[in-house]
Amino acid sequence: MTRKAVYLLSVFCLWLLIIDMNSHAGDPGPEYYTLVLPPGLPKPVYDFSQNPLSRQGVALGRYLFYDGKLSRDSSVSCGFCHQQFAAFGHFDHSLSHGIMGRMTTRTVPTLFNLIWQKDFMWDGGVNHLEVQPLSPIMNENEMGMDLKELITRLQGNKTYRRMFKAAFGTEEVTSQRMLKALAQFMATMISFESKYDSVMRKSPGVSFTAEEQGGYKTFQQKCAACHKEPFFTDFSVRNNGLPYLPSMNDIGRMQITNNTADYLKFKVPSLRNVLVSAPYMHDGRFFDIFKVFAMYDHGQEKGNTIDPLVKNGIPLSAKEQRQLYMFLNTLTDKNFLNNKELKEVMIVD
Amino acid sequence: MKWRLLLFCLFVLKGVEAQTLQLRLSHAVKGVPMVLGNTTYLNAAGDTFNITLFKYYLSNFSLTDTTGRIVRTASGCFLVSEDSVASKMISLKLPEGHYNSISFQIGVDSLLNCSGAQSGALDPLYGMFWTWNSGYIMAKLEGASPSSQLPGHRIEFHIGGYRAPHITQRMVTLPLPQTLVISGSGASNLSLVGDAYSWFQGISFRQLAGFMTPGTPADRIADNYQHMFSIHQK
């Protein structure tokens, strides 16, 4: 008797399931795809199995990225500070600034190859790509937005309801969906098409000039231990000897760990696209890459936590500096800077 | 919709076995029921204070039956807040049996602190997630005390940290005063009282009126809040 009842109920449920499936027949749903990455790279840190890329998810992420509505007074979008032509850094701004003329104590980091990055921000305080946007969105000196209010704002917007449905199946806006969509878009910011990459891949007809080759040699001898290929960073935090500024009082990584051994340690930035993403250092104090060379050559402050690799400075002759500049120029990825898929989108409502 | 149907099918096929245990949470300060706002309390160091906000995460519930078998209830995190009646009722599913102790964790598993955007009780919009130093605030207590040197004499304790050496999740195991019988007839209840007085053992608001990062003072308060719960069985 029980068995019969169970059987009948199961058949009934199956029938309901079929009806349910049919009702979505006209709706194609998200079109999933896998990011095509250049060969020979390590496996990304980002776990795509928990957030598979879809055309609609990336499109939603891109729309969110360029939408000022993510800030309290709708004046500042992610793309406001992260400009594509500056490798998603902020052109000509030493310190990032936010709503109502407010300012932070750090420069805008560039955005690319983020799926290999294990932590974020200059002090490595953010531990996952998906939660990274919460920091600028909710920081009162940046976008100054209340998260609950933001979700309500997006839920009330027709375009977003449509886009969330396309990306995630229903119109419901949640912080998790918003963050996953932003992560999907940011995951597509991949930069491995510079002249340097062509040379390394032995593309026909591409080679370093003598000056570039000389610069590459200097780079390998004097810079590559921290700015490790192929990412041109080892993703660590270090004290590079940059003098402490009392007016900024930025203690770096120590703010996160409360550990005095982390005093003045900041993330090693990638050197990819470095010549288009001035100014330099965590506080953007150097607008000229030659100022950075000069700092390593003779301008360090050697405190207790200075990194052993640079504690004796990095002597760089005028010739080495010139050649290094020529080499760094080969790390500019014009295809990335002009990638149409990453370009700003018009926000219509 | 599909999910619900599948669950329904599974439920039907599995048969009705799991029973519900209702946990009713209430809060107190040294045995006196907690009232948010202007009610004044006294801590062990003799500072008067009031509480305006009190909330925390609970997770990883399990019960031990009289044969010593540990029964884990469905996973999930619960955000309990003094100002929300609904949050103070937690329904746990567990099989029929005779149980004599309950265990749970105050806080959020370390893995969930570093696995990206979460939903439900772990949605960052509840203000229990640090955006600049990723990780959940395991427990939060805010208010004011004349002893506090902070602006407005505020006291503000946002206790978190999931990475060694500053870990603030704490396991709690409480023996039940009498054997809890979970059977097919009628719902079972347990009352759990969280006493905020225990948070500040050995702490004076003169020296420490706020802490909002991972660190040694947070660890110390976590050691204290580990002992805030007691069971009241009728």
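Within each chain, residue numbers correspond to sequence positions counted from 1 in written order. Labels follow written order: the first chain is A, the first ligand is 1, and so on. Totals for whole chains, interfaces and linings use all residues, but because this is a predicted model, local features are given only for residues with pLDDT of at least 70 and pairs of side-chain atoms are given and counted only at 80 or more. For side-chain calculations, the full set of non-hydrogen atoms in the structure is used, while hydrogens and water are omitted.

1. Quick word on the environment of Thr110 of chain A
All names here are of chain A. Secondary structure counts use DSSP, requiring at least four H or I residues in a row for a helix and at least two E residues in a row for a strand, with both numbered from the N terminus. With respect to the secondary-structure elements, Thr110 resides in the loop between α3 (78–81) and α4 (134–138). In this scheme, a residue with accessible area under 20% of its type's maximum is buried, one over 50% is exposed, and one in between is partly exposed, where area comes from a 1.4 Å probe on protein chains only. In this structure Thr110 comes out as partly exposed when scored by relative accessible area, which is 25%. Placed 162 residues apart in sequence, Thr110 and Arg272 show a C-alpha to C-alpha distance of 9.5 Å. Contacts: residue pairs with any heavy atoms within 4.5 Å of one another. The contacts of Thr110, once residues within four sequence positions are left out, are Ala86, Ala87, Phe88, Gly89 and Ser277.

2. Some points on the domain arrangement of chain A
All names here are of chain A. Reported domain spans reflect what an automatic or database domain assignment gives. Its domain assignment divides chain A into domain 1 (48–190) and domain 2 (195–335). Each of domain 1 and domain 2 has a C-alpha centre, and the two are 27 Å apart. With 25 residues of domain 1 in contact, the opposing surface of domain 2 contributes 24 residues. Accessible surface is computed with a 1.4 Å probe, and the buried area is the amount of it that two parts give up when combined, taken over both parts together. Summed over both partners, the interface of domain 1 with domain 2 buries about 2000 Å², with 57% contributed by carbon and sulfur atoms. Salt bridges are counted wherever a side-chain nitrogen of Lys or Arg sits within 4 Å of a carboxyl oxygen of Asp or Glu. Here domain 1 is connected to domain 2 by 2 salt bridges. Residue Arg106 is joined to Asp250 by a salt bridge in which the shortest nitrogen-to-oxygen separation is 2.7 Å.

3. Comments concerning a nonpolar patch on the surface
Residues and elements named next belong to chain A. The patch calculation keeps residues exceeding 30% relative accessible area without a salt bridge and links them within 9 Å when they carry like charges or within 5 Å when they are nonpolar (Val, Leu, Ile, Met, Phe, Trp, Tyr). Residue exposure ignores everything except the shown protein chains as possible cover, and the areas themselves are Shrake-Rupley values with a 1.4 Å probe. On the surface, a cluster of nonpolar side chains totalling about 230 Å² of accessible area is made up of Phe290, Tyr325 and Met326. Of note, Tyr325 is situated in helix α12 (residues 318–329). Judged by its relative accessible area of 32%, Tyr325 falls in the partly exposed class.

4. Digging into the pairing of strand β15 (residues 188–195) of chain B
All names here are of chain B. Burial analysis of β15 places 7 of its 8 residues in the buried class, the great majority of the element. Whether two strands pair comes down to DSSP finding at least two bridges between them. Of the strand pairs in this sheet, strand β1 (residues 19–29) and β15 are connected by 8 bridges, and their pairing is parallel. Across the sheet, residue Leu21 finds its bridge partner in β15, namely Ser188. Of the strand pairs in this sheet, β15 and strand β17 (residues 229–232) are connected by 4 bridges, and their pairing is antiparallel. Looking at β17, one finds that Leu192 is bridged to Ile231.

5. Some remarks on unusual backbone geometry
Each neighbour pair has its own omega, and for Glu229 of chain A with Pro230 of chain A the value is 0°, a cis peptide bond. Note that the residue after Ala164 of chain B, namely Pro165 of chain B, is joined by a cis bond; omega there is 5°. Secondary-structure assignment places Pro165 of chain B in the loop between β12 (162–163) and β13 (166–167). Phi angles above zero are rare outside glycine, and Phe232 of chain A is one such case at about 65°. Mapping Phe232 of chain A onto the fold places it in the loop between α9 (210–222) and β1 (237–238). Phi is positive for Asn249 of chain A, close to 45°, though the residue is something other than glycine. Counting through the fold element by element, Asn249 of chain A comes out in the loop between β1 and α10 (254–257). Relative accessible area serves as the criterion here: at 47%, Asn249 of chain A is assigned to the partly exposed category.

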